[in-house]
Each structure stands twice: as C-alpha cells, then as structure tokens.
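# An overview of the molecular structure
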Amino acid sequence: MDCRLLALAQNARGVVAGAYRTSANLRFEGFDGLCTVLCGTSDDGPGGIVLGSAFRPRPFSDELSAGMPARFEGGVLAAGPLMFDVRGARLFDCALPDDGWRATSAEAGGMARVLQDALTAARRPRPNDAMQRFLAVRAMAFRDALRDGSGTKIAQAVRGLIGLGPGLTPSGDDQVTGCLAALRFALGPQDALVRAVSDAAGRCRGSTTEVGASMLSSAREGRFRGVVRSLLAALKSEDERAVRRRLDALLGVGATSGLDMADGMAAGLHAAALARKW
C-alpha cells in the first residue's frame, strides 16, 4: 500500500470512481488523486493498494460500479460489497529517490541512447491511425519545446498533449508523465526545465480524464509507478540487460501507456543532456 494512504486508512469516506477487470479507482474526501486497488500485478503506483497473489476475485467490474460508497475505517477498506483488511500491509514509497546525484550532459545523453536503442529493439509498433499520427506531431512539438527551453513554448506544447488520445490515461498524459520522471531524475526537482513542464501540466488538469489528472498530480510531486522508477535506476547503473527487462515490464502497462511513458522518458533524457550543456 502506498505509504501516503496510511492516514487515510484510519477514517475516510468516498465513492467508487470506476471499476475494471483487475482494478478499481476510489475517490476519497480530502485526498488529492485516486486510490487504486489492483490485483494480478506486482507493480506499485501512487495511491495504490496491491492485493496479494492469493486474492482471486471476480472482475471488479462485476462487483462494483461508479458511485457506490467506499470507506476506510480502522485499516479496513470497504467498497460496495467488497472488504479488504490493509492493516499490516506492505508499504511502498512511490517518490523518486533524490540522493543529490545529478546527471552530467554525457550521462543523460548516454541514458537517452540506451533507452532509445532498447525501444528500437523491443519493436513495439504503434497503431497506424489518424489519432496516432496527430499525437506524433504534438509529441514532436513537445520535444522541440524541451530543446528550446522556453517556458512559453513548453506550456503551449504540454497544453497540446494533455488529454490527447484514448484510454483512462490519454497518450499525451503518459508522455508528459514519462518526461517529468526522466527530467526530475536527471536534473533534480528544482531545475528550471522540470518546473516549467510541471507547472504547465498543473495548469492542464481540467483538460484530461480524472485518472490522467491524478497521474499528473502525482508526477508533479515526483511520485511514479514502480516500473518507471526501476527503469530509471537501471539506466543510471548502465546495466543494459536490466534496462531491457525493465523496459519490457513498462511496455506491458496498458495498450500503449507504457510505450508512451517510455517515449516521454527518452524525450526527457535527451532534453536533460542538452540542458546540462547550457
């Protein structure tokens, strides 16, 4: 369970925001973002509660529907007819570690090349449709703005991506999230480029889905799912075999969410390499 949920788990009221086959999103009063209950995965994420492998429910969508009441009380979570005891749950912290390390231009550039090579080797083609072609144009504009470093251009490019594409987390949101993870990891949370992308994303929360807005809010705080954090750690360690393994895990997220995040991470690392030259 995300350690940020500890206080919430004692007493909170909310509702089911959405239910799917292996996950359910819950919205609680006083909590910025969504709480997500997941099964069938070892990956953690902001606001997440990962159920043990012994838990074999019917699809959440068979048991829950949007608007059903949800509550935390004394470490027990109730959502519709389902109950989960999270007392003693394994806690995880989704924050990117910040030990003071900052990538040099050469280090960031090397990480970008390794990730791009791994992406090419993974051979994950995108659908060839009008939306994907439009997304590619907007993504290129975002990369150009990152290279330029202008806050105005970055804000415009982020605005063009947020909410763009299908899914609970639109492709544009995933790309911006991946970019923020890479920038923050390489440059640190106080860097001007990190702040420019983060501030622009914050101004666009109303332009996307509730799930996308929750993901972006966590990204702005430096909190990301485990597969993103572990891929960045592998890139820093220069272990190309580990990079390929962890990239494969990320690419397994959603239909294209993992691929979009990885593309955003590559763009962020390329931009970090240029930023270190200035």
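Anyway, here's the lowdown on the structure attached to this text. (Residues numbered from 1 in each chain as written. Predicted model: local features only at pLDDT ≥ 70, side-chain atom pairs only at ≥ 80, totals over all residues. Heavy atoms only, no water.)

### As for the packing of helix H5 (residues 171-187) against helix H8 (residues 226-237)
Note the cut-off: Only C-alpha atoms enter the line fits that serve as axes; for helices the fit covers just the stretch in contact. Angles between N-to-C directions range over 0 to 180 degrees. Helix numbering and strand numbering both begin at the N terminus, where a helix is a DSSP run of H or I of at least 4 residues and a strand a DSSP run of E of at least 2. If an angle is under 35 degrees, it is roughly parallel; if it is over 145, roughly antiparallel; if it lies from 65 to 115, roughly perpendicular; otherwise it is oblique. Crossing handedness is defined as follows: a turn of the near helix away from the far one that is anticlockwise and smaller than a right angle gives a left-handed crossing, while the clockwise case is right-handed. By the convention used here, residues are in contact when the closest approach between their heavy atoms is within 4.5 Å. In this classification, Asp, Glu, Lys and Arg are treated as charged, Ala, Val, Leu, Ile, Met, Phe, Trp, Tyr, Cys and Pro as nonpolar, and every other residue, Gly included, as polar.
One can describe the packing of H5 onto H8 by two numbers: an axis separation of 11 Å at closest approach and a directional angle of 45°. If you check the angle between H5 and H8, you find them oblique. H5 and H8 meet at a crossing whose hand is right-handed. Side by side, H5 and H8 meet where Ala-181, Ala-182 and Phe-185 of the first sit next to Val-228, Leu-232, Ala-233 and Lys-236 of the second. Here the residues of the contact of H5 with H8 sort into six nonpolar, no polar and one charged.

### Structural notes on the pairing of strand S3 (residues 35-38)
Where a strand is regular, its side chains alternate between the two sheet faces. Quick note on the threshold: Burial here depends on accessible area, computed with a 1.4 Å probe over protein chains only, as a share of the maximum for the residue type. Under 20% is buried, over 50% is exposed, and the range in between is partly exposed. For two strands to pair, DSSP has to find at least two bridges joining them.
Burial along S3 is two-sided: the residues Cys-35 and Val-37 and Thr-36 and Leu-38 are all buried. Both strand S2 (residues 23-28) and S3 contribute to a ladder of four bridges, which runs antiparallel. Considered in S3, the bridge of Asn-25 is made with Thr-36. Here S2 hands over to S3 after six residues, with Gly-30 in that stretch at a positive phi of 80°. Pairing analysis gives three bridges linking S3 to strand S4 (residues 48-50), with the strands arranged parallel.

### Topic: the pattern of salt bridges
Rules: Every case where a carboxyl oxygen of Asp or Glu lies within 4 Å of a side-chain nitrogen of Lys or Arg is listed as a salt bridge.
For the structure on display, the rule yields 16 salt bridges. We note a salt bridge from Arg-13 to Glu-73, for which the minimum N-O separation is 3.6 Å. Of the two residues, Arg-13 sits in strand S1 (residues 11-19) while Glu-73 sits in strand S5 (residues 69-73), which places them 60 residues apart along the sequence. Of the residues examined, Glu-73 reaches a relative accessible area of 43% and is grouped as partly exposed. Across the pair Asp-44 and Arg-229 runs a salt bridge whose closest N-O atoms are separated by 3.0 Å. Remark: Arg-229 occurs in helix H8 and Asp-44 occurs in the loop between S3 and S4; sequence separation between them is 185 residues. The pair Asp-44 / Arg-229 is uniform in exposure class, with both members buried. Here the salt bridges share partners, and the residues they tie into one network are Asp-2, Arg-4, Glu-221 and Arg-223.

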